[in-house]
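Below, each chain spelled out in residue letters.
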Amino acid sequence: MPFRTMTTLQSWVDDFRALGYNDADILRVIPQDVGEDADAGLIAARLRSVSTTFYVAPGAAEGSTEWSVTFEPREDAAPLPAGRVMALSGELATLAALCSFLQARSEAFLAARGT
């Protein structure tokens, strides 16, 4: 899908950051290894409250505009005190807002191209 390019995703992340979300600075666009499409990207984030690896990516189905957050498995438990759980909830709220933002942008992108 054309909206999976590194350039488009970076532009959308920049637009999302400009909306003023407190935790938007945790986001970064990284290359996605999807075979022949060397310019494909996805969005990763470095959470400040817990060291869990995750990424934000569009759905795999052709024409999908849905975005989701994938949390990779952890080797160890991650106990968090109340303050860090509160911080994590803010970061997760930002990720939820990002997914909604990206879905709207994806739908608009496809509508503008008549697909």
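For the structure itself, consult the block above.
Notes on the structure in this doc start here. (Residues numbered from 1 in each chain as written. Predicted model: local features only at pLDDT ≥ 70, side-chain atom pairs only at ≥ 80, totals over all residues. Heavy atoms only, no water.)

### Concerning the overall build of the protein
Inclusion rule: Only DSSP runs of H or I covering at least 4 residues are called helices, and only runs of E covering at least 2 are called strands; the numbering of each starts at the N terminus. In this scheme, a residue with accessible area under 20% of its type's maximum is buried, one over 50% is exposed, and one in between is partly exposed, where area comes from a 1.4 Å probe on protein chains only.
Of the regular secondary structure elements, the protein holds two helices and four strands. Overall, the protein is about 50 × 30 × 20 Å in size when its C-alpha atoms are taken along their principal axes. The proportion of buried residues among the 115 residues of the protein is 37%.

### Points about the pairing of strand β2 (residues 41-45)
Basically, it comes down to this: Strand pairing is assigned whenever DSSP detects at least two bridges linking the two strands.
The buried count for β2 comes to five of five residues, which makes it a mostly enclosed element. On β2, burial covers both faces: Gly-41, Ile-43 and Ala-45 on one face and Leu-42 and Ala-44 on the other are all buried. Sheet topology places strand β1 (residues 27-31) next to β2; five bridges connect them, and they run antiparallel. The residue of β2 that forms the bridge with Leu-27 is Ala-45. Sheet topology places β2 next to strand β3 (residues 54-58); two bridges connect them, and they run antiparallel. Looking at β3, one finds that Ile-43 is bridged to Val-56.

### Regarding the nonpolar core
Test applied: Buried Ala, Val, Leu, Ile, Met, Phe, Trp, Tyr and Cys residues form a nonpolar core when they are joined through side-chain atoms within 4.5 Å. By the convention used here, residues are in contact when the closest approach between their heavy atoms is within 4.5 Å.
Residues Leu-27, Ile-43, Val-56, Trp-67 and Leu-102 are the most contacted members of the largest nonpolar core, which totals 24 residues. Put simply, the parts of the chain that give this core at least two residues each are α1 (6-18), β1, β2, β3 and α2 (82-112). For this core, the element with the highest residue contribution is α2, accounting for nine residues. Leu-102 has contacts with Trp-12, Ile-43, Val-56 and Trp-67, leaving out every residue within four places of it along the chain.

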